[in-house]
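# Descriptive analysis of the structure
Each chain, letter by letter, is given below.
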Amino acid sequence: MTLQPLYELKSRLEQAAIAGTGLLGEDFRLARAIEALAPLAQANKVFGKIYSEGKSLIAAPADERPIRLLDLLTLVDAVVYTQGKIGSEGEVEALQGGPGEYISVPYSALEPLVSALSGSGGGRWSVISTYWKEHPKYFSDFRVLPLVIKALGDNYGELSSLAYDVLKTQGKGIVPMLKEGFDPAGKRDMARRVSLISELAGEEENEWFICQLDNAKKDIREELVLALGSNAENARLLIQLAGKERGKTKEAAIRAMAKMDDNVCAEFWREHLDKEPNDIQFLHSADSGWAAKLISEKLVELSEKIVDGLPPVELLQCFVKGLYALMFNRCNYAVDFWKWAASKYHEFSKIKVDLSFEFTKMDQTYSLYDWVETYFCCALVNWPVDPMFEAAQIIAENDEAFADELRFELDALRLSASELYDKYQAGIVREGLFRKESNKEKSYRLGVICGLNRIVKQENGHALCFGYYDFDGKRWGRCEAAIPRIDNRWFKLFIDPKISSDGEGYRDHPIFAEWALIRLMDYNDPELKEIMAPYFYKRLRKTGALKNYAGILVGCGWKEWKGVLVDCCDRSRELDFYYLRALLHSIPMSGKDKADELRKLDLMSYSKNIIKIVHNYWPRDQVAQLISQFENEQES
């Protein structure tokens, strides 16, 4: 006997209780559910009771229907409850834990993040990155974590990269989720999964990497082969792959062997470089003694060919790629090479390297020694130890033009913030713009300013930073070493009228010092904001450069904005709708004042004085709507 009619009646009665009893007599679905119970009513007295009560409910006067409905619903609920049972056939299995954890926040708090991760189109990166900055714990939630894994395959590169970085913070516990549903013949997101598993678990997942190889395709195969470099036992397998694979997978096998501190790999590489010297670039991930020795020997060998005559471009490229490869190595052989290269100033500075070749995608010409200095400085901050400081002193003694900057940077790595300021501030000319300055004094001052421009602000301090192009010339990276927070007295020094006449800076580098101030500005420091906000406001009113200074002033909490946007746009003779709209939303002005400002900017768009409307876009209908919106705002 099926009880489905009883369950259907229960559902219809619950709907009636929600909708009310006013139209109960016209509810044909309820009437049909009661009639469907007739066969059960003939077989059982209890069902008969339900059937008769149901007929009475429909026929009852309007004032009696509420109580009759509740009585019948109570009876039906009781009968349905008695029909339930517990237990199940078969063996009991433990429930498997799901991915992620439960974060005790209402779903409404997660909904924008979930929508952005599961949606498509533009604008999502801003939402997700804001959540990651303000609520990183939310990304561990079981409702969010699977969506982050799915985002590895997002068409927006920035979003997929952010998803990768988020997942990396989850640790090895995320590996089972990354392996679940893995398709070795899938798309780019599967390759990113392999890369993540390799970073998080390395050789612990070696058997899994090998098992996936047979069916792996394209980018996924490349990442799997690279992952094999985490286990030295794979050396012979990688040699086999390097012999039979082609293209990027062959390259991956060669690069994977560079990671291994293994005699078999060292011998392979020695023979391989004799045949393919340009592949020296793939040793950039090596941090072993054999790799440092091999790179150093090849670079010395190449240098002998270079200084003997007019070197071909290919030879110079190979040398520069070798410098890049040695940049990350922390072995004594590497230190010995940098000391040797530092002593070759006179020979290398005469050799020009045309950087317009494909290796860097740049169009400048530097000397070979410039390249030595660039990659050495990256190596120095990657490994700031005494032997590297000794190599730096050799460079400082040879290259006078670079010496003052390099000495400042060496001291930034070794001294406290106050000691660094006390040692170098005296070399900044304080006697006014028209004081006669010797070449030595000028070199010292500019060296300090250049050194300050190498320093970047971070959340927990500062770092000395050098940039570089990687071996294929397509990606720009940087090496950095932590240093103490910068002394606030640098800010006071560079805005002193004795140093910077009306904020203009020195005659040869008018805003070079100012770039350093802007980048090192700490918006969490009330004292610093109080010092710098008036200076940057003065610079804004003098230059009209909204995009240079407005964001800094917003960060400082500056209040005086009335008429500023109009005046600056009039000075620059430029209107940028997107930028001005965002700025108006962020500055502390009343809605009325914002509307007045925008109305004047709109009138300006008709003026012949405006020589540039950015992107040729000034949508007057949107401007009018925005003016109306501001006028309706309450006073801020």
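Since this is a predicted model, take the numbers as computed values, not measurements. (Residues numbered from 1 in each chain as written. Predicted model: local features only at pLDDT ≥ 70, side-chain atom pairs only at ≥ 80, totals over all residues. Heavy atoms only, no water.)

What follows deals with the pairing of strand β3 (residues 455-458). Where β3 and strand β4 (residues 461-469) come together, four bridges link them in antiparallel fashion. For Gln 458, the partnering residue across the bridge sits in β4 and is Gly 461. The hairpin formed by β3 and β4 contains two residues between the paired strands. (Pairing = 2+ DSSP bridges. Helix = DSSP H or I, 4+ residues; strand = E, 2+ residues; numbered from the N terminus.)

So, on to the pairing of strand β5 (residues 476-483). Only one face of β5 is buried, namely the one carrying Gly 477, Cys 479, Ala 481 and Ile 483, since none of Trp 476, Arg 478, Glu 480 and Ala 482 on the opposite face is buried. By the bridge criterion, eight bridges tie β4 to β5 in an arrangement that is antiparallel. Paired with Tyr 468 across the two strands is Gly 477, which belongs to β5. (Buried < 20%, exposed > 50% of the residue type's maximum accessible area, 1.4 Å probe, protein only.)

Moving on: the packing of aromatic side chains. Inspection of every chain in the model, using the stated rule, returns 27 aromatic pairs. The interplanar angle of 75° and the centroid separation of 6.1 Å between the aromatic rings of Trp 340 and Phe 348 together place this pair among those described as edge-to-face. Taking relative accessible area as the criterion, Phe 348 reaches 0% and is therefore assigned buried. The ring of Phe 389 carries Arg 414 above its face, with NZ or CZ at 4.6 Å from the centroid. Directly above the ring of Tyr 606 sits Arg 620, whose terminal nitrogen or CZ lies 4.0 Å from the centroid. (Phe/Tyr/Trp six-rings, centres within 6.5 Å; stacked < 30°, edge-to-face > 60°. Lys NZ or Arg CZ within 6 Å of the ring centre and 35° of its normal.)

Summarising the element assignment, Ala 334 is placed in helix α19 (residues 332-342). Put simply, Ala 334 and Ser 296 are 38 residues apart on the chain and 6.8 Å apart in space, counted from C-alpha to C-alpha.

On to the confidence of the model for the chain. Chain-level statistics for the chain give a pLDDT mean of 85 and a share of 90% at 70 or above. Segment residues 501-510 is flagged for pLDDT under 50; beyond a separation of four residues in sequence, or across chains, it makes 22 contacts in the model. (pLDDT = per-residue confidence, 0-100. Contact = heavy atoms within 4.5 Å.)

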